[in-house]
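Breakdown of the fold
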Amino acid sequence: MAGIRVTKVDWQRSRNGAAHHTQEYPCPELVVRRGQSFSLTLELSRAPDCEETFIFMVETGPRASEALHTKAVFQTSELELGEGWTAAKEAQVENTLTVSLASPPNAVIGRYLLSIRLSSHRKHSNRRLGEFVLLFNPWCAEDDVFLASEEERQEYVLNDSGIIFRGVEKHIRAQGWNYGQFEEDILNICLSILDRSPGHQNNPATDVSCRHDPIYVTRVISAMVNSNNDRGVVQGQWQGKYDGGTSPLHWRGSVAILQKWLKGRYKPVKYGQCWVFAGVMCTVLRCLGIATRVVSNFNSAHDTDQNLSVDKYVDSFGRTLEDLTEDSMWNFHVWNESWFARQDLGPSYNGWQVLDATPQEESEGVFQCGPASVTAIREGDVHLAHDGPFVFAEVNADYITWLWHEDESRERVYSNTKKIGRCISTKAVGSDSRVDITDLYKYPEGSRKERQVYSKAVKRLFSMKASGRRTWIRRAGGRCLWHDDLLEPTTKPSITGKFKLLEPPMLGHDLRLALCLANLTSRVQQVRVNLSGATILYTRKPVAEILHESHAVRLGRQEEKRIPITISYSKYKEDLTEDKKILLAAMCLVTKGEKLLVEKDITLEDFITIKRAHPGASGEGLSPV
C-alpha cells in the first residue's frame, strides 16, 4: 500500500475564530487562545487505516525544546487526555480527517509552527502544515488571565476603542482613544515588541519560554512601550517642545504609533506622555489576550526617594524650589491595570495589577513598573513584587510642604497633606461614563483604617520596629530629614484661605479670581500675603512666572476678606504650553509666625462662538472645543 500524506489543510478560520473570539484579527494565519481546542481538517492522499498514526509537533521561538516547553510532540487519540498538548480525532469521511488540537492553559503564547508526521507500514511522511498564533485566554478558567464576567471580557479584551481621562481633579476631561488591536499588522507588531526586548536579544530561547506567564509578559511590555532602555515604541518628552515629532496631545490612538514604529525599523516614535504610553500598552496587552484597562489618577505623586511622602520645598512666595524638590505631584497620571492571577504572591493578590509604561523611575535597572497588585497597594503590602512603594506613593503619599530659608533652614508649612490620589478613574464597562475606583486603591482618606495602612506601609518599607525607631530618609541642603519628622502633624493655622474663580478661565481672556481669607479667631490678625503664579506643564513643572505681588491684610475678628487678582492675557499668552495650565500660590504669613500655603491649578478652556439662526431668536452661545 502506498504511503499516506497530507495534500491539503483547512484551518477552519471562521469556526475557530468564533469559538476563540479571534475572528477580528485580519492576519492570514489562524489565531487561537490557549487552554481551548481548535479544529483542523486534513485532506489525505487516501483514506487512513487503523494502524496508521498521526504525530503532531508544535514549536515556537528559536531553539525550541520540550525542556523549555517551547516544543511539544503529541499523537492523536480518541480522547483529549493529559496536561500538555493533545490531539483527538473528531470525524473522518473517506480521505478527509478532522482533528481537534488543544494547548495547555499555561502554554507559551506567540507564533507557532505546526508540523505532522504520518507513519504507516514503516513508511513516514513529514509535512509542515503552517503557522498559527496562540494568545492568552480570559475565557478559560484554568488560564491565569481568566476573567469571569463576559461583559468585562467584551470591554477589557475585545473593545477596540475607549476613553482616557485627563485634566485636573475638579475638571476631568474625557478623550477618546482608538486602541485598534484588530487593525492591520497590529498583532504582528505586538509580537515584535516582545522579540525586540533586551531579554530576547540576550537569550531568546529562555525569554520565549517565559511567555507563558502574564507577570513576565506584562513587565516586559511595560519596559518596551517606552524607549529609555531598549529602543522601545514611544519616546517621552515633557518639556513642551516637540520639534521633529508629534505633540503627545495630537495622538488619538495607538495604531498610527505602532505602525510608525514598525515602518521606521523600530526607531522610537516621537513623542509621548503618560496617557500615550498607557493607550499603547492597553492596545498591546488586549491584543495578546490580557484584560486591560486605562486608569487615571488625579494629583498623582512622583516619589523619587521612596519615603512615601511628596516633599515640596518653596520660597516665601510659595514658588517651588526646583533644585531642592526632587519629588513632584502631577495634575494627573495615567497607567494601566491588567487582570491576572499572582502565582508568586498567592490568591489574595489576584485580580487587577498596576502596570506603568511611563519612564519615571528605574526598577531593577530598567524603566519599567509593575505588575503591582491593587489589593497589595490598598493593604499597604508594599514589600511585595513589583514596585509597590512607588505605586503606593502615587495614590497615598502625604504631601509635605517645607519653607526653605536663606540660611538653609527649613520650616514645615501648613497645607493640605491629603491631596494625593484623588478621583482615580477608568471607563465604565459598556459605556463611556467615568467610574471612580479610588476605593480599590485605598481606604477613605483620613480614616483610621487608611492611617493604619499608611503606617503599615512605612514600617514595611523601612523595617521600623514598633518602638518608633528613627529612620534617615535623605539629605537636602545639608540637613537630614527623618521619617518621624514627616509624620508629625502641623498645627492648623488660625486663618484659612481659598482661591475662587470670578469668571470661567477662558483662553484669550484675562484671568479673574480672588483669594478668600478668613480669620478663625476672635482676635485681630495681621497677614502678609505673597502671591505667585506660573504657567506649568501637567507635571506641575513651572515654565514661566506670570504673577508676583504682595499684600498686607488686616483681618478683624472672624472676618473674611477677598484679595482680587487679575492676570491679563498678554501676561500669560507667550508662556502657556499646550497643556494650558496655570498654578497659583499664596504664602500667608501670620504675625505670630504661622504659615499657610494655598494653591490652585487652573486649566484654561478653548471656546468657539456658535451663532444661532432660527425664527424669533438671535444671539451667540459659547461651547468648549
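Residues numbered from 1 in each chain as written. Predicted model: local features only at pLDDT ≥ 70, side-chain atom pairs only at ≥ 80, totals over all residues. Heavy atoms only, no water.

- Under an unreviewed UniProt entry, the chain has the name protein-glutamine gamma-glutamyltransferase and belongs to Papio anubis.
- Among the UniProt annotations of the chain, the heading Catalytic activity (unreviewed entry) holds the following wording: "L-glutaminyl-[protein] + L-lysyl-[protein] = [protein]-L-lysyl-N(6)-5-L-glutamyl-[protein] + NH4(+)".
- UniProt lists a comment for the chain under the heading Sequence similarities (unreviewed entry), and it reads "Belongs to the transglutaminase superfamily. Transglutaminase family." (UniProt positions renumbered as here; feature names shortened; annotations may be inferred.)

1. Quick word on the domain arrangement of the chain
- You can read the domains of the chain as domain 1 (6–135), domain 2 (163–466) and domain 3 (495–603).
- Of note, the centres of domain 1 and domain 2, computed from C-alpha atoms alone, are 40 Å apart.
- Each partner contributes residues to the interface: domain 1 has 22 residues there, and domain 2 has 21 residues.
- A buried area of about 1,600 Å², summed over both sides, lies between domain 1 and domain 2, and 67% of it is on carbon and sulfur atoms.
- Among the residues domain 1 hides against domain 2, the three largest losses belong to Tyr25, Pro26 and Ile109. Together they make up 30% of the total.
- Summed over the shared surface of domain 1 and domain 2, the number is zero salt bridges.
- Applying the counting criterion to the domain 1 and domain 2 interface returns four residue pairs in polar contact (both at pLDDT 80 or more). (Domains from an automatic or database assignment. Contact = heavy atoms within 4.5 Å. Buried area = accessible area lost by both parts, 1.4 Å probe. Salt bridge = Lys/Arg side-chain N within 4 Å of Asp/Glu carboxyl O. Polar contact = N/O pair within 3.5 Å; in protein donor to acceptor, adjacent residues only side chain to side chain.)

2. Quick notes on the UniProt feature "binding site: Ca(2+)" (unreviewed entry) in the chain
- Those residues carrying the UniProt feature "binding site: Ca(2+)" (unreviewed entry) are Asn396, Asp398, Glu445 and Glu450 in this numbering. For the residues just named, distributed over 55 residues, the greatest C-alpha separation is only 11.7 Å, placing them together at one site.
- By secondary structure assignment, the location of asparagine 396 is in helix 10 (residues 388–396).
- When its relative accessible area of 3% is taken as the criterion, asparagine 396 is described as buried.
- Mapped onto the fold, glutamate 445 is located in the loop between helix 11 (438–441) and helix 12 (448–462).
- On the basis of relative accessibility, which here comes to 31%, the residue glutamate 445 falls in the partly exposed class.
- Contact partners of glutamate 445, with chain neighbours within four places excluded, come to Asn396, Lys418, Ile420 and Glu450.
- A distance of 2.7 Å separates a polar atom in the side chain of glutamate 445 from a polar atom in the side chain of lysine 442. (Helix = DSSP H or I, 4+ residues; strand = E, 2+ residues; numbered from the N terminus. Buried < 20%, exposed > 50% of the residue type's maximum accessible area, 1.4 Å probe, protein only.)

3. Focus on the packing of aromatic side chains
- Following the criterion strictly, the structure yields 24 aromatic pairs and no others.
- When the ring of tryptophan 85 is compared with that of phenylalanine 132, the centres are 6.2 Å apart and the planes differ by 65°; the resulting orientation is edge-to-face. Here phenylalanine 132 lies in strand 9 (residues 123–135) and tryptophan 85 lies in the loop between strand 5 (71–77) and strand 6 (86–93), a separation of 47 residues in the sequence. As far as the burial class goes, tryptophan 85 and phenylalanine 132 line up, both buried.
- Taking 4.8 Å as the distance between ring centres and 65° as the angle between the ring planes, the aromatic pair formed by tryptophan 261 and tyrosine 266 counts as edge-to-face.
- Looking at tryptophan 261, the relative accessible area reads 0%, which means it is buried.
- Three or more aromatic residues link up through ring pairs in this structure, and these residues are Trp11, Phe38, Phe56, Phe74, Trp85, Tyr112 and Phe132.
- The ring of tryptophan 275 carries arginine 166 above its face, with NZ or CZ at 4.2 Å from the centroid.
- One cation-aromatic arrangement involves arginine 451 over tyrosine 454; the distance from NZ or CZ to the ring centre is 4.5 Å. (Phe/Tyr/Trp six-rings, centres within 6.5 Å; stacked < 30°, edge-to-face > 60°. Lys NZ or Arg CZ within 6 Å of the ring centre and 35° of its normal.)

4. Focus: a negative patch on the surface
- A contiguous patch of negative charge, built from Glu24, Asp160, Glu183, Glu184 and Asp185, is present on the exposed surface.
- As for its position among the elements, glutamate 183 is in the loop between strand 11 (171–178) and helix 3 (186–195). (Patch = residues over 30% accessible without salt bridge, like charges linked within 9 Å, V, L, I, M, F, W, Y side chains within 5 Å. Areas by Shrake-Rupley, 256 points an atom, 1.4 Å probe, with all protein chains shown as cover. Lys, Arg positive; Asp, Glu negative; His and termini not counted. Charge placed at Lys NZ, Arg CZ, Asp CG, Glu CD.)

5. Observations concerning the layout of surface pockets
- What the largest pocket holds in volume is close to 920 Å³.
- For the lining of the largest pocket, the secondary-structure elements that each account for two or more residues are strand 16 (328–340), strand 25 (495–501) and strand 31 (595–603).
- The element that contributes the greatest number of residues to the lining of the largest pocket is strand 31, accounting for eight residues.
- Of the residues in the lining of the largest pocket, the class split is twelve nonpolar, eight polar and eleven charged.
- A domain-level breakdown of the lining of the largest pocket finds at least three residues from each of domain 2 (163–466) and domain 3 (495–603). (1 Å grid on protein atoms, 1.4 Å probe; cavity = no way out; pocket = protein on both sides within 12 Å on 5 of 7 lines; lining within 4 Å. Points joined across faces, edges and corners; volume = space filled by probe spheres on them. Nonpolar A, V, L, I, M, F, W, Y, C, P; charged D, E, K, R; others polar.)

6. Notes on the packing of helix 3 against helix 7 (residues 255–263)
- Here helix 3 crosses helix 7 at 60°, and the two axes come no closer than 10 Å. In this view, helix 3 runs oblique relative to helix 7, as classed from their interaxial angle. Crossing hand, helix 3 versus helix 7: left-handed. Where helix 3 abuts helix 7, its residues Ile186, Ile189, Ser192 and Ile193 lie against Val255, Leu258, Gln259, Trp261 and Leu262.
- Grouping the amino acids of the contact of helix 3 with helix 7 by side-chain chemistry returns seven nonpolar, two polar and no charged. (Axes fitted to C-alpha atoms, helices over the stretch in contact; angles between N-to-C directions. Parallel < 35°, antiparallel > 145°, perpendicular 65-115°, else oblique. Left-handed = near helix turned anticlockwise from the far one by under 90°.)

7. Examining the sheet that holds strand 25
- Read from one edge to the other, the open sheet built from three strands follows the order 25-26-29, with strand pairing classed as antiparallel. The sheet terminates laterally at strand 25 and strand 29 (560–567), the two strands that pair on one side only. Looking at each pair of strands side by side, their axes are set apart by 20° on average, direction ignored. (Pairing = 2+ DSSP bridges.)

8. With respect to the pattern of salt bridges
- According to the stated counting rule, one finds 34 salt bridges in the structure shown.
- Where aspartate 436 meets arginine 434, a salt bridge forms, and the shortest distance between an N and an O atom there is 3.8 Å.
- Take aspartate 436: its relative accessible area is 39%, and that puts it in the partly exposed class.
- Several salt bridges share partner residues, and in doing so they unite Lys312, Lys419, Arg540, Glu599 and Asp601 into one network.

9. Looking at the UniProt feature "domain: Transglutaminase-like" (unreviewed entry) in the chain
- Mapped onto this numbering, the UniProt entry annotates "domain: Transglutaminase-like" (unreviewed entry) at residues 266–359.
- Taken end to end, residues 266–359 is 16% helix and 41% strand, and its two terminal C-alpha atoms sit 18 Å from one another.

10. Observations concerning the side chain of serine 300
- As for its position among the elements, serine 300 is in strand 14 (residues 292–302).
- Side-chain polar atoms of serine 300 contact the side chain of asparagine 297, separated by 3.0 Å.

11. Notes on empty space enclosed by the protein
- Under the criterion given, the structure shown has two cavities of 30 Å³ or more.
- The computed volume of the largest cavity comes to approximately 70 Å³.
- Lining of the largest cavity is provided by Glu155, Tyr156, Ser161, Gly162, Ile163, Tyr179, Arg286, Arg293, Val294, Thr426 and Lys427.
- Elements with a minimum of two residues in the lining of the largest cavity: helix 2 (150–158), strand 10 (161–168), strand 14 and strand 21 (422–427).
- Among the elements that line the lining of the largest cavity, the one with the most residues is strand 10, at three residues.
- What lines the second largest cavity is simply Leu345, Ala372, Ser373, Ala376, Ile377, Asp381, Leu384, Ala385, His386 and Gly388.
- Elements that contribute at least two residues to the lining of the second largest cavity include exactly strand 18 (372–373) and helix 9 (374–379).
- Tallied by class, the residues present in the lining of the second largest cavity amount to six nonpolar, three polar and one charged.

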